Each structure stands twice: as structure tokens, then as C-alpha cells.
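So you can see what is in the structure, the chains are spelled out below.
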Amino acid sequence: MTRQYWRPSNLLNPVPAVMISCADENGKANVMTAAWTGTICSDPVMVSVSIRKNRYSHDIIARTGEFVINLTNERLAKVTDYVGVMTGAKIDKFNLKGDLHITAEPSKVIKAPCIAESPLCLECKVKQILELGSHDMFIAEVVSTDVDESLLDEAGRLDLAKADLIAYNHGEYFTLGKRIGKFGYSVKKASTIKREKAEKKSEHHISSQQRRDIKKKSRYK
Ligand SMILES: Cc1cc2nc3c(=O)[nH]c(=O)nc-3n(C[C@H](O)[C@H](O)[C@H](O)COP(=O)(O)O)c2cc1C
């Protein structure tokens, strides 16, 4: 590999493209797009989002100390882009028409609304604002995780792959590609892989047996 050495850049990719919703003291809601957001602590659960001072949302979030991170999917991609190029200082982004329409829904814990069409929303309370330069970093605690029930399996486990989430890579939006591994798969023992394969096979066997039983029963009805 032959490298070129460029000046410092913000080329950390891919990043999420989320919609950050907030509401002012009179309850007027706004939403902006953010790609510079991240998970920063697990106990307490904390996130960060870096917002330029001139964004309309910036002062609202600084004053109220609340915002919601709304994850986005393929269906929300267009509006995610739109609310990231239009300012709430000039338009009401919760009153858009057609495929740009999003609905402000009351949050569970905070006053800032979440977006009803978002598959998963993180309600956040600001703990600290770091003035970094062009952007201020809002460090916040997640106070509620609001999950669309259709993402849960029968046992109540979250299957986020069902959410169709999108990523932002060097200025372009992408759906996620094929699954290529799982946490820890690189260190999994051959015996564990073998056992899991066998378990999967027997699960399949049980279900085909059950299918046969059901067929048999329905024949005698
Ligand atoms: C994909 C994408 C990612 C963005 N990420 C950020 C970000 O992380 N921080 C930021 O300050 N602005 C970001 N923006 C720009 C703001 O979303 C944009 O300036 C928006 O109009 C601000 O809305 P507001 O003025 O209503 O707050 C992004 C825009 C797009 C389209």
C-alpha cells in the first residue's frame, strides 16, 4: 500500500445519520440531522453530539438541556437529508408534506419530542457542553430508550437488523450491507461453532416435526 499524507480531516467513516429533535420553552419542536454523534459511556449510558453554534437547534438544546436521538431507516433517509439542509429558524420541520412528513410524539421522560416514525429513539439529558471550536459537544445521559415493538422477537429481544438502519459514508447515505460476523466471532472455538450448528439443526428438526404433527392433527379434524 502506498499512502499519501494529507492535512487533518474529518474522514472518520462511516457514521450514523440521525435526527436530533428538541423543543423550546414554549413547546415548539425542531429537528436537525447529525452525523457527529456517538456512544461514550455505558454506566451511566451516555452519548455525545457535536453541534455548530449557528444551528437553530443549538441554543434550544443548550437552554433546555434536552434532546432526542432518533435513529433513521431507509424510509426516513430523504427527510433525514432535508432536515439537515433546512433550518428551523425559517420552516416548521414537523409540518412537512408527503414523504417528508414526520410526526412529533411525546417522549416518555423528557419534554423534547421524539419522532413517531423513527424505529428507536434515545431520550437524552445534557450533562456538559464542551466548547471545542467550530462545534460544541453536548455530552448527555440517555434517560429512556424508546423501541418500536415490531423490532422485538417473541422473547422480547431486540432485533435491530429489522430496523433497516442507514449509515452516512463520505457524504452519501447507505443502507447496511450483508452481515459478515458477530461480536467475538473471531475468537470463537471450533467446538462452540460445531455445538451451535448442531443446536440450530435440531431446532430446525423440532420445528419440521412440529409442522408434521400439525398437518396430521388437521387431517383428523
Ligand atoms: C447528513 C448530515 C449530517 C449532519 N451532521 C451535523 C452534525 O453532526 N452537527 C451539526 O452541527 N450539523 C450537522 N448537519 C447540519 C445540520 O443538520 C443543518 O445545518 C440543519 O439545517 C440544522 O438545523 P436547525 O438550524 O434547524 O437546527 C448535518 C447535515 C446532514 C445532511
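Residues numbered from 1 in each chain as written. Predicted model: local features only at pLDDT ≥ 70, side-chain atom pairs only at ≥ 80, totals over all residues.

Asks: It is not clear to me how the site of the ligand should be interpreted in this structure. Could you clarify?
Replies: Near the ligand lie 22 residues; those nearest to it are W36, Y56, S57, G84 and G88. The set of elements that each furnish at least two residues to the shell around the ligand consists of strand 3 (29-34), strand 5 (45-52) and helix 1 (56-64). Per-element tally for the shell around the ligand: the top contributor is strand 3, with four residues. Taken together, the residues that form the shell around the ligand break down as 11 nonpolar, eight polar and three charged. (Near = placed C-beta within 6 Å. Helix = DSSP H or I, 4+ residues; strand = E, 2+ residues; numbered from the N terminus. Nonpolar A, V, L, I, M, F, W, Y, C, P; charged D, E, K, R; others polar.)

Asks: Explain the pairing of strand 10 (residues 135-147) to me, please; I cannot follow it from the model alone.
Replies: Sheet faces and side chains relate simply in a regular strand, where the side chains alternate between the two faces. In the sheet, strand 5 pairs with strand 10 via seven bridges, with the strands oriented antiparallel. Of the residues in strand 10, the one forming a bridge with V47 is A140. Where strand 9 (residues 120-131) meets strand 10, 11 bridges bridge the pair, whose relative direction is antiparallel. Along strand 10, the bridge assignment pairs E123 with S144. (Pairing = 2+ DSSP bridges.)

Asks: Can you walk me through the nonpolar core in this structure?
Replies: The tendency in soluble globular proteins is for nonpolar side chains to be buried as a group. In terms of nonpolar packing, the biggest core is built from 37 residues, with I20 and V68 touching the most fellow members. No other element matches the five residues that strand 2 (residues 18-23) contributes to this core. Residues in contact with V68, not counting those within four places in the same chain, are S21, S107, A112, P113, C114, C121, L122, E123 and C124. (Core = buried A, V, L, I, M, F, W, Y, C linked by C-beta atoms within 7 Å. Buried ≥ 20, exposed ≤ 12 C-beta atoms within 10 Å, placed from the backbone. Contact = placed C-beta atoms within 7 Å.)

Asks: Looking at this structure, I do not really get the sheet that holds strand 3. What am I missing?
Replies: By definition, the strands of a sheet pair up through backbone hydrogen bonds, in either a parallel or an antiparallel sense. Taken in spatial order, the seven strands of this open sheet run 3-2-6-9-10-5-4, and their pairing is antiparallel. Looking at strand neighbours, the two that pair on one side only are strand 3 and strand 4 (37-42), the edges of this open sheet. Within this sheet the neighbouring strands show an average axis-to-axis angle of 35°, counted without direction. Bridge count between strand 4 and strand 5: five bridges; the pairing is antiparallel. Bridge assignment links T39 to a residue of strand 5, and that residue is V47. In this fold helix 1 packs onto strand 2, strand 3, strand 5, strand 6 (66-70), strand 9 and strand 10, with an angle of close to 55° to the strand it touches most, strand 2. (Axes fitted to C-alpha atoms, helices over the stretch in contact; angles between N-to-C directions.)

Asks: Honestly, the domain arrangement of the protein in this entry has me stumped. Any pointers?
Replies: Buried accessible area, meaning the area lost when the parts come together, often serves as the stated size of an interface. Each assigned domain of the protein is listed here: domain 1 (15-175) and domain 2 (185-219). For domain 1 and domain 2, the distance between their C-alpha centres works out to 40 Å. (Domains from an automatic or database assignment.)

Asks: How should the environment of I40 be read in this particular structure?
Replies: For I40, the location among the structural elements is in strand 4. On the basis of neighbour counts, which here come to 12 C-beta atoms within 10 Å, the residue I40 falls in the exposed class. Apart from the residues lying within four places of it in its own chain, the contact partners of I40 are M46, V47, S48 and I139.

Asks: Explain helix 1 to me, please; I cannot follow it from the model alone.
Replies: Working note: α-helix, 3.6 residues per turn, so residues spaced by three or four point in the same direction. Here helix 1 has its buried residues at S57, I60 and I61. The buried residues of helix 1 occupy an angular sector of 95° when the element is viewed end-on, so they sit on one face. Buried residues belonging to helix 1 abut strand 2, strand 3, strand 5, strand 6, strand 9 and strand 10. After helix 1 finishes, the residue G65 shows a positive phi value of roughly 70°. (Arc of directions from axis to C-beta.)

Asks: What should I look at first to understand the pairing of strand 6 in this one?
Replies: Counted residue by residue, strand 6 has five buried out of five residues, so it is predominantly covered. Alternating positions in strand 6 separate into two faces, E66, V68 and N70 on one and F67 and I69 on the other, with burial throughout. Here strand 2 pairs with strand 6 via three bridges, running antiparallel. When the bridges of strand 6 are listed, I20 appears paired with I69. Summarising the sheet, strand 6 and strand 9 pair through five bridges and their orientation is antiparallel. Its bridge partner being in strand 9, I69 is matched across the sheet by L122.

Asks: Please explain the environment of F67 as it appears in this structure.
Replies: The residue F67 is located in strand 6 in this model. Take F67: there are 30 C-beta atoms within 10 Å of it, and that puts it in the buried class. The spacing of F67 and V126 is 59 residues in sequence and 7.9 Å in space, taken between C-alpha atoms.

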